[in-house]
Amino acid sequence: MPRLLILIFFLCYWFGGKGNPTLQQSKLSLVPQPVEIKVQNGIFLLSGKTMISVPVGNNEIREVAKLFADELASVSGKKLEITSGETKQAIEFKLNTQANPVLGDEGYTLSVSKRNISISANKPAGLFYGAQTLLQMVPPVSTTAPIAIAAVQITDYPRFAWRGLMLDVSRHFFTKNEVKRYIDQMSKYKYNIFHWHLTDNQGWRIEIKGLPRLTEVGAWRVPRTGSFGAFAPPAEGEENTDGGFYTQDDIREIVKYAQDRFVTIVPEIDVPGHSLAFIASYPESSCTQRQYPVNAGFGTDADVVLCAGNEDNFKKLEIVFSEVASLFPCKYIHIGGDEADKAFWKKCPQCQERMKAENLKNEEELQSYFIKRVSKILAANGKKLIGWDEILEGGLADDATVMSWRGTEGGNTAAKTGHHVIMTPNQYCYLDHTQGENVIERYGILFCCFMRMREAYKFEPTEGVDNPSYVLGGQGNLWTEMVPNYRRAEYMTWPRALALAETLWSPKADRSWDEFVPRVEAQFPRFDQAEVNYATSIYDPDIAMVKVENDELKIVFTPEIKGLDIYYSFDCTFPDKFYPKYQDKPIDIPKGASEIWAISYRNGKPIGRLLVIRLDELKARMGK
Ligand SMILES: [Zn+2]
């Protein structure tokens, strides 16, 4: 086809005309938003004959190029060859011969002209991120037609070095392949830390060869389904058939898989609290030394804290942490340290004895003593300690890094004293919180907490921190009490993790919710193509009952995004677009109505889900 014609078709497509039906045009809808984009004239035509060019003899770059080629094939159907020879019309990966200081270790430049596409960086990580950006410029449609990539010059690098997601595999176990899939998906949005919550009261998930009972016993529990927290304890003689764990070979395989995608895995072994799986395996390790079952999610009076007076526990932890240290190349190990109930320590002669011997004034100082002992074990294995902000209580171990989850105050305190901090305040970062109207989302963590994506997008990791240079970055956390399967894990993560990805990567000044939303929506067909489950909760408004003058009750809708039309009914029939439309002011409740039904439309088509909610439920919410 003559070049001029292609250009005309391209312009038609670009401006919303029909254009050439066989030419797939890319549009820039990138998440996270790059630092600088200069749109230029022209297009690069990507065809099945386009080559991928890498430098001779650099295996790491070839690996990046191969991952790109594989992903491009699954996105577009085009399988490109990788070459080290001279080539025209190529996608070129190259390292800068002289480091570009602006880019750092993870930045890149991506240049698309009509002749070629070039990704350059100081380090292979930058090439990987450049490739992710380029992949988002390719429409998620398998096609034999050439793909037009708009000419552009992008310079990009991250705002924070720590861009994490945490997955809890204790409350529910996720298989090796599911964990890989999670890591693969997060790496597409330039996350670089996978925090792996491997142990808790509901299961011990990592093989420790020196303490085999941890997985023989601690990885298994009675099967229960439904609403976590309301499960029945084991019946007499009931078998523990639910659970699973990762062998050390599995761990090595996942670590390598993550490394290939420039994701560092931070393992978490949660002590001294959250240790029931450990205690179920070795009953002598708790203060009461009673035999408890691994918890499946039932109420319990179990002693879930390791005894701080029992010297043998520290010997066991030496075994655990030396094996963990040898499996994970990351310089950090997360030791939890959160929510350790001190009640059993108060009643335990061994713990009290320890406090006397070590001159500790209270149980908070005993917690601090415990963490410092663990910190020494980590140091002996060449690792640094990270803990939840409870590790501040009773005095912080030297060199410890704090993960601030109960708001940002703990993080601020730690940063003030020169400790590194990762911000993960629950109101912006907890992916187990419900993300939309509760009548549809239902089971968030313990029915208590809400976090719409709009809220997540407000997260600012350095807000309220006096010493912001100590903030390494931030992290989204997916606790899985209410996440019984992998599809649900994806649903809770996406698209909210896009908001966090952008906060952690893109310049603060560029953040704009209204401008972010269409870029998020552009990811939905990518999720569909990759068969990743995701929430469309942004289309479902919140519904509330409000009291207006004369104590009259009315209904208001609060949409999360602009441009939606909300149609509703009070007569228990499906509201199509000929029903009453919400006009941004409180609506009257007709006499005798018991339910409201509502659904969002955009451009005359339903886009939200049908919300059906009882008026007495709305009334009950008013009091809360
Ligand atoms: Zn004790």
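Residues numbered from 1 in each chain as written. Predicted model: local features only at pLDDT ≥ 70, side-chain atom pairs only at ≥ 80, totals over all residues. Heavy atoms only, no water.

### Some thoughts on the coordination of the zinc ion
We apply this condition: Each metal's donors are the N, O and S atoms found within 2.8 Å of it, except that Na, K and Ca use a 3.2 Å limit; water is left out, so coordination can look incomplete. Exposure categories follow from relative accessible area, calculated using a 1.4 Å probe and restricted to protein chains: below 20% of the type maximum is buried, above 50% is exposed, and the middle band is partly exposed.
For the zinc ion, the full set of protein donor atoms is Cys287 (SG), Cys307 (SG), Cys348 (SG) and Cys351 (SG), at a range of 2.3 Å. Residue Cys287 is classed as buried on the basis of its relative accessible area of 14%. According to the relative accessible area criterion, Cys348 is buried, its value standing at 3%.

### Thoughts on helix H18 (residues 513-521)
Residues lying three or four places apart along an α-helix face the same way, a consequence of the helix completing one turn every 3.6 residues. Put simply, the rule is: Starting at the N terminus, helices and strands are each numbered in turn, a helix being any DSSP run of H or I of at least four residues and a strand any DSSP run of E of at least two. By definition in these notes, contact holds between two residues if any of their heavy atoms fall within 4.5 Å.
Those residues of H18 that sit buried are Trp513, Phe516, Val517, Arg519, Val520 and Glu521. Where H18 is buried, its residues meet helix H15 (453-456), helix H17 (496-505), helix H19 (524-530) and strand S25 (595-602).

### Here's the deal with the sheet that holds strand S15 (residues 264-271)
Our working definition: By definition, two strands form a pair when at least two bridges between them are found by DSSP. Helix axes are fitted only over the stretch in contact, all axes being lines through C-alpha atoms; the angle between N-to-C directions runs from 0 to 180 degrees.
What the eight strands build is a closed barrel, ordered S9-S10-S15-S16-S17-S18-S19-S20; its pairing is parallel. Recorded for the sheet is a direction-independent mean angle of 30 degrees between the axes of neighbouring strands. Bridge analysis of S15 against strand S16 (residues 332-336) gives two bridges, and the strand direction is parallel. The partner of Val271 across the bridge, within S16, is Gly336. Sheet strands in contact with helix H8 (residues 311-327) are S15 and S16, and its direction is about 170 degrees off that of S15.

### Some details on the packing of aromatic side chains
Our working definition: Classification of ring pairs uses Phe, Tyr and Trp, with its six-membered ring standing for Trp, and accepts pairs whose centres are within 6.5 Å; under 30 degrees between planes counts as stacked, over 60 as edge-to-face, and the remaining range as tilted.
Inspection of every chain in the model, using the stated rule, returns 35 aromatic pairs. When the ring of Trp196 is compared with that of Tyr246, the centres are 4.8 Å apart and the planes differ by 50 degrees; the resulting orientation is tilted. One end of the pair, Trp196, is in strand S10 (residues 193-197); the other, Tyr246, is in the loop between strand S14 (242-243) and helix H6 (248-260), with 50 residues separating them in the sequence. Across the pair, Tyr246 and Trp196 agree in class, each one buried.

### Structural notes on unusual backbone geometry
Cis geometry marks the peptide bond from Val31 to Pro32, where omega comes out at -5 degrees. Relative to the helices and strands, Pro32 is located in the loop between strand S1 (24-25) and strand S2 (36-46). For the peptide bond that leads from Val271 to Pro272, omega is -5 degrees, which places it in the cis range. One can find Pro272 in the loop between S15 and helix H7 (276-281). Of note, the phi angle at His274 is positive, near 50 degrees, even though the residue is not glycine. Secondary-structure assignment places His274 in the loop between S15 and H7. For His274, a relative accessible area of 8% corresponds to the buried category. In this model, Asp399 sits at a positive phi of 70 degrees, which is unusual for a non-glycine residue. For Asp399, the position within the fold is in the loop between strand S17 (384-388) and strand S18 (401-404).

### Quick word on the domain arrangement of the chain
Put simply, the rule is: Just so you know, the domain bounds were taken from an automatic or database domain assignment. A 1.4 Å probe defines the accessible area here, and the buried area is the portion of it lost by two parts on being joined, summed over both. Between Lys or Arg on one side and Asp or Glu on the other, a salt bridge is scored when a side-chain nitrogen of the former is within 4 Å of a carboxyl oxygen of the latter. Pairing of N or O atoms within 3.5 Å defines a polar contact, subject to two protein rules: one partner must be a possible hydrogen donor and the other a possible acceptor, and residues neighboring in sequence count only if both atoms are side-chain atoms. Only Asp, Glu, Lys and Arg are considered charged in this grouping, and only Ala, Val, Leu, Ile, Met, Phe, Trp, Tyr, Cys and Pro are considered nonpolar; every other residue, Gly among them, is considered polar.
Each assigned domain of the chain is listed with its residue range as follows: domain 1 (3-156), domain 2 (162-515) and domain 3 (540-622). Put simply, the middle of domain 2 and the middle of domain 3, counted by C-alpha atoms, are 39 Å apart. Summing both partners gives a buried area of about 1,000 Å² for domain 2 against domain 3, and 42% of it is carried by carbon and sulfur. Broken down residue by residue, the surface that domain 2 buries against domain 3 is led by Glu437, Ile440 and Arg452, which jointly contribute 53%. Taken together, the connections running from domain 2 to domain 3 amount to five salt bridges. For the salt bridge of Asp514 with Lys562, the shortest nitrogen-to-oxygen distance reads 2.7 Å. In this assembly, domain 2 and domain 3 are joined by 11 residue pairs in polar contact (both at pLDDT 80 or more). Only helix H14 (438-441), H15 and H18 provide two or more residues apiece to the side of domain 2 that touches domain 3. Within the side of domain 2 that touches domain 3, the residues separate by chemical class into five nonpolar, three polar and five charged.

### Focus: the pairing of strand S21 (residues 542-547)
Direction of pairing for S21 relative to strand S22 (residues 553-558): antiparallel, over a ladder of six bridges. For Met545, the partnering residue across the bridge sits in S22 and is Ile555. Counting the residues that bridge the hairpin from S21 to S22 gives five residues, and of these Asn550 lies at a positive phi of roughly 60 degrees.

### Notes on the pattern of salt bridges
Scanning the model with the defined rule gives 47 salt bridges in all. Put simply, Glu441 and Arg609 hold a salt bridge, and the shortest N to O gap is 2.9 Å. Of this pair, Glu441 sits in helix H14 while Arg609 sits in the loop between strand S26 (605-606) and strand S27 (611-614), placing them 168 residues apart in sequence. Via salt bridges that share partners, Lys342, Asp389, Glu390, Glu393 and Arg406 belong to a single interconnected network.

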